[in-house]
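As a plain string of letters, each chain reads:
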Amino acid sequence: MDEQPRLMHSHTGVGMAGHPGLPQHMQEGTGGTDGDGRKQDIGDILQQIMTITDQSLDEAQARKHALNCHRMKPALFNVLCEIKEKTVLSIRGAQEEEPPDPQLMRLDNMLLAEGVSGPEKGGGSAAAAAAAAASGGAGADNSAEHSDYRAKLSQIRQIYHTELEKYEQACNEFTTHVMNLLREQSRTRPISPKEIERMVSIIHRKFSSIQMQLKQSTCEAVMILRSRFLDARRKRRNFNKQATEILNEYFYSHLSNPYPSEEAKEELAKKCAITVAQVSNWFGNKRIRYKKNIGKFQEEANMYAARTAVNAANASSHGSQANSPSTPNSAGGYPSPCYQPDRRIQ
DNA sequence: GTGAATGATTCCTG
DNA sequence: CAGGAATCATTCAC
């Protein structure tokens, strides 16, 4: 490395005329033009190169210092930088300022929506909350599942942030290292600040592609967790006996029009400790199954009708109709079972 | 293990 | 968008 300064210098004390290492023609000033002299010069230079390692560290440092102090150095440096800029780096310059990667934006948006990136939302996510709300079954079982989901999500979140931090730290360390290296090298070769900046942006681009991989795998993990959570929700739990009785009671006492209003559904949902959606499901299933096989439900219908009648009788004996169904087995709607002898199955 | 029962989901229709 | 119909998937009784 120190070869260059040595060859470039001739005016300072170091390597000046009279120095035994300098070519003959440089020492003489006028320069020899004969072939033998030239051969001699080359021989001296080769000799110089061969003996470079023999120089002491101090001597090398002194030469280096001399180079840096040379009055022409800044000008020469600038010229070389300019030439370099105009040739090699002009090709790369065109692809700077690229627009944000749509794939990266998608990943970022998803991580934000799932509550992995962005501000902490108590370990939960909007998606989880929505899923939990839709899942119905307001029981403790469901909330346990939900908290399990949240715990796993927060685990993913933690890993994501730890890794991200690691990458950022590594990126910063590497950038600093490269910048220092380039700055150091800029003393001996033409490296402009602009070029250093460019190198930094290249490093950042490389690291952001690694970050993208991290984001991608985090998204995959969230998707797997979510699908597992949703699968778990598919697990069916039978309603308890009391809830089924309440629903059946309503159904058979409104057999002519087994379509509970929104208010009625809400009321039933509250009584049965299930969601309105589950009430709707139950009535949907019940209507279709009843219609398909009235015979099978006959016994059940008779039982509930009798119970309703007893309830009504009790209520009336107490001078109140409060709990009796409003439209029991009246005209129209679904065919009634044999409890009403005049309205048999179609 | 098997089949019936049953809650949930999906697709279609008015 | 609510409800009907078909179907899926799980639970439960035997």
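Predicted, not measured: the structure shown is a model, and the values here were computed from it.

Colleague: Break down helix α12 (residues 276–292) for me, citing the residues and quoting the values.
Modeller: The terminal C-alpha atoms of α12 lie 24 Å apart, and with 17 residues this matches the ideal 24 Å at 1.5 Å per residue to within 8%. All buried positions along α12 are accounted for by Gln-278, Val-279, Trp-282, Phe-283, Lys-286, Arg-287 and Tyr-290. End-on, the buried residues of α12 take up no more than an arc of 165°, which puts them together on one face. For α12, the exposed residues set more than 90 degrees away from the buried face come down to Lys-291 and Lys-292. Of the surrounding secondary structure, the elements contacted by the buried residues of α12 are α10 (241–253), α11 (262–272) and α13 (294–317).

Colleague: Give a detailed account of the packing of aromatic side chains, specifying residues and quantitative values.
Modeller: In this structure the tally under the stated criterion is 10 aromatic pairs. With centroids separated by 5.6 Å and ring planes inclined at 10°, the aromatic side chains of Tyr-252 and Tyr-304 adopt a geometry described as stacked. With a gap of 52 residues between them, Tyr-252 in helix α10 and Tyr-304 in helix α13 connect regions that are remote in the sequence. Looking at Tyr-252, the relative accessible area reads 2%, which means it is buried. Note on Tyr-304: relative accessible area 5%, which makes it buried.

What counts and what doesn't
- Residues numbered from 1 in each chain as written.
- Chains lettered and ligands numbered in written order.
- Predicted model: local features only at pLDDT ≥ 70, side-chain atom pairs only at ≥ 80, totals over all residues.
- Heavy atoms only, no water.
- Helix = DSSP H or I, 4+ residues; strand = E, 2+ residues; numbered from the N terminus.
- Expected span 1.5 Å × (residues − 1).
- Buried < 20%, exposed > 50% of the residue type's maximum accessible area, 1.4 Å probe, protein only.
- Arc of directions from axis to C-beta.
- Contact = heavy atoms within 4.5 Å.
- Phe/Tyr/Trp six-rings, centres within 6.5 Å; stacked < 30°, edge-to-face > 60°.

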